[in-house]
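One letter stands for each residue in the lines below.
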Amino acid sequence: MFRFSVFSALSRSLLLTAFLFTGVFSQVNSTERGMAIGMLDSTKDAIKKNYYDPTFHGVDLDFVFEQAKERMKVAPTRDALMVTIASAVLSLDDSHTNFFPPARAAEIDYGWVVDMVGDDCFVTHVKPGSDAEAKGLKPGDRLVSIDGFKPTRQKMWQMYYRYFAIAPVGKVSMMLFSPGDEKPHVLEIQTKIEKTPGYVNLETLYTRGVVRHGWYDNEKIDEFEQIGDVLIWKMHTFEDTDSNIDSAMAKAKKSKSLILDLRDNGGGYVDILKRLLGHFFDKDIKIGDQKMRKETKPLIAKSRGGDVFKGNLYVVVNHDSGSASEIFSRVIQLEGRGKIIGDRSAGAVMESKFYSMDSGIGNNLYFGASVTMADVIMADGKSLEKVGVTPDQMMLPTGKDIAEKKDPVLAAVAKLCGVNLSAEKAGTLFAYKWPKP
């Protein structure tokens, strides 16, 4: 199934190379090197045969992958081999075309989450009992750099890609400003790495990868809070079902106003995007044009007819609202159907397909690649890729708000709907849930 999803969560090859020697070394033998080179070749083939732009944006794919192969012949560690493949793929500078290495028989737990808010990066969550908590890392701390890398809006997804998918590390060095600090401080934080009895299923890894932070609770894809005649719907992902969407909209139709909270929603299925949009318009709506390798065709959301939501709509987004979340928000904005509030979205909206592959004979290693199948040109003739959605009204939390677990953005939107919701109460409604092993 095609997805509009962004990898929720490092400068292309330069950045990856900078991190190359920060992990724990594991020497490779000739068999492992040969299997890794096989992964490189298979990944290249998947891209050459399926990438939506046959010119690859002017990138000489053959040259890039041949250079990668030469580097792999002398790469000293397994992580170095995987980083080299990932670096070659990132030469396309495409948010949805990524290499996913073989799964590790281990769970990697950093104990912290960081996010962009405006142009600054903040620690948003610290896991209880983690080394991060013991060392004094706190929500609301502003991250200046991690292992010498300065996070930016453009590079944040690459940082998560490097740390969580390609080459996890046993320790990170963070330079931070705590709220009220005049000078930064540095924390050295250990990663919790636990061996597991088996490898994680590759499709599970992909799902974790393409959903921002990769760890939504499958039992709570949708959460709701009713305040007077206002329904707040926290939609964690578009990896949903038609019945869930219809059920949620049935709740909404009983209310005067709907606040659709798409913050941290990294996207999901194309059909779910269309299903949801169909609930807000009494006529079919053209989302945009899918620009594919061999054709361009319109992307249409079918109206639910007379059974649509006619109330007030407010959509809340942030930097981690990606792909389907962004396209939904932009359609609502272009059609004048509701107000978009929050931070500028991710700007990662390509349509992709996941290809599962294997390398070796007998004891195979399973890996994969996400390959962009289409760009979406919106009704205004523009793509959101690398641009994102600029809200009708910008609203950002401060580091102090994050530290105090307040949500002034949701509180302000509720006020626009005519209901009282304090920032303190809003911060408790949809609490972050740490990933299950």
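Anyway, here's the lowdown on the structure attached to this text. Computed from a predicted model, the values in this text were never measured in an experiment. The residue count restarts for each chain, going from 1 along the sequence in the order it is written. Owing to the predicted nature of the model, reporting of local features is limited to residues with pLDDT of at least 70; listing and counting of side-chain atom pairs is limited to 80 or more, with chain, interface and lining totals taken over all residues. Computation of side-chain values covers all heavy atoms of the structure but excludes hydrogens and water.

1. A closer look at the overall build of the chain
Where helices and strands are cited, they refer to DSSP runs of H or I of at least four residues and of E of at least two residues respectively, numbered from the N terminus. Along the chain, the regular secondary structure elements total 13 helices and 20 strands. Residue burial is assigned from relative accessible area. The probe radius is 1.4 Å, only protein chains are included, and a residue is buried under 20% of its type maximum, exposed over 50%, and partly exposed in between. By residue count, 55% of the 437 residues in the chain fall in the buried class. With residues, only the protein chains shown are counted as cover, and all accessible areas are computed by Shrake-Rupley using a 1.4 Å probe. Surface summary for the chain: the accessible area is close to 18,800 Å², and the carbon and sulfur share equals 51%.

2. Points about the packing of aromatic side chains
Centre-to-centre distance and the angle between the planes together describe a pair of aromatic rings. Stacked, tilted and edge-to-face are the three classes assigned to paired rings of Phe, Tyr and Trp, where Trp is represented by its six-membered ring and a pair needs centres within 6.5 Å; plane angles under 30 degrees give stacked, over 60 edge-to-face, the rest tilted. Applying the stated rule across the entire model yields 12 aromatic pairs. Relative to F56, the ring of Y51 lies with its centre 6.0 Å away and its plane at 25 degrees, an arrangement referred to as stacked. A relative accessible area of 0% places Y51 in the buried class. Overall, F56 belongs to the buried group, its relative accessible area being 8%. Members of the aromatic cluster, each reached through a chain of ring pairs, are Y51, Y52 and F56. Each ring is checked for a lysine NZ or an arginine CZ that lies within 6 Å of its centre and within 35 degrees of its normal; such an atom marks a charge sitting over the ring. For K251, the ring lying beneath its charged end belongs to F224, and the centroid distance is 5.2 Å.

3. Considering the side chain of N265
Mapped onto the fold, N265 is located in the loop between β12 (257-261) and β13 (267-269). Residue N265 is classed as buried on the basis of its relative accessible area of 0%. Here the side chain of N265 touches G267 through a polar contact of 2.9 Å, landing on its backbone nitrogen. Whether two residues are in contact is decided by their heavy atoms: any pair within 4.5 Å suffices. Once residues lying within four places of it in the same chain are set aside, the contact partners of N265 are M235, H236, T237, F238, D320, S321, G322 and S325. Any pair of N or O atoms that falls within 3.5 Å is considered a polar contact. Within protein, one atom must be able to donate a hydrogen and the other to accept it, and sequence-neighbouring residues count only if both atoms are side-chain atoms.

4. Thoughts on the nonpolar core
Among buried residues, the Ala, Val, Leu, Ile, Met, Phe, Trp, Tyr and Cys ones that are joined through side-chain atoms within 4.5 Å form a nonpolar core. Of all hydrophobic cores here, the largest spans 39 residues; its most connected members are I47, F65, M82, F99, Y161 and I166. For this core, the elements supplying multiple residues, two or more each, are α2 (30-50), α3 (61-72), α4 (78-90), α6 (156-166), β18 (351-359) and β19 (365-378). When residues of this core are assigned to their parent elements, the largest contribution, nine residues, is made by α4. Of all hydrophobic cores here, the second largest spans 38 residues; its members include M249, F309, V315 and A324.

5. Quick word on the side chain of T237
As for its placement among the helices and strands, T237 is situated in the loop between β11 (230-235) and α8 (242-252). For T237, a relative accessible area of 0% gives the class buried. Among the polar contacts listed, one links the side chain of T237 to the backbone nitrogen of E239, at a separation of 2.8 Å.

6. Some details on the environment of G418
Within the secondary structure, G418 is located in the loop between α12 (408-416) and α13 (423-429). Judged by its relative accessible area of 65%, G418 is exposed. Measuring from C-alpha to C-alpha, the distance between G418 and G228 comes to 9.4 Å, with 190 residues separating the pair along the chain.

7. Structural notes on the pattern of salt bridges
Salt bridges are identified by distance alone: a Lys or Arg side-chain nitrogen within 4 Å of an Asp or Glu carboxyl oxygen. On inspection of all chains with the given rule, the structure shows 24 salt bridges. Across the pair R275 and D246 runs a salt bridge, and its minimum N-O distance is 2.5 Å. Highlighted residues: R275 in helix α9 (residues 270-277) and D246 in helix α8, separated in sequence by 29 residues. A salt bridge links D380 to R330, with the nearest nitrogen and oxygen atoms 2.9 Å apart. Here R330 lies in helix α10 (residues 324-334) and D380 lies in the loop between β19 and β20 (393-394), a separation of 50 residues in the sequence. Its relative accessible area of 18% is what places R330 among the buried residues.

Interpretation in functional terms is not warranted from these geometric data alone.
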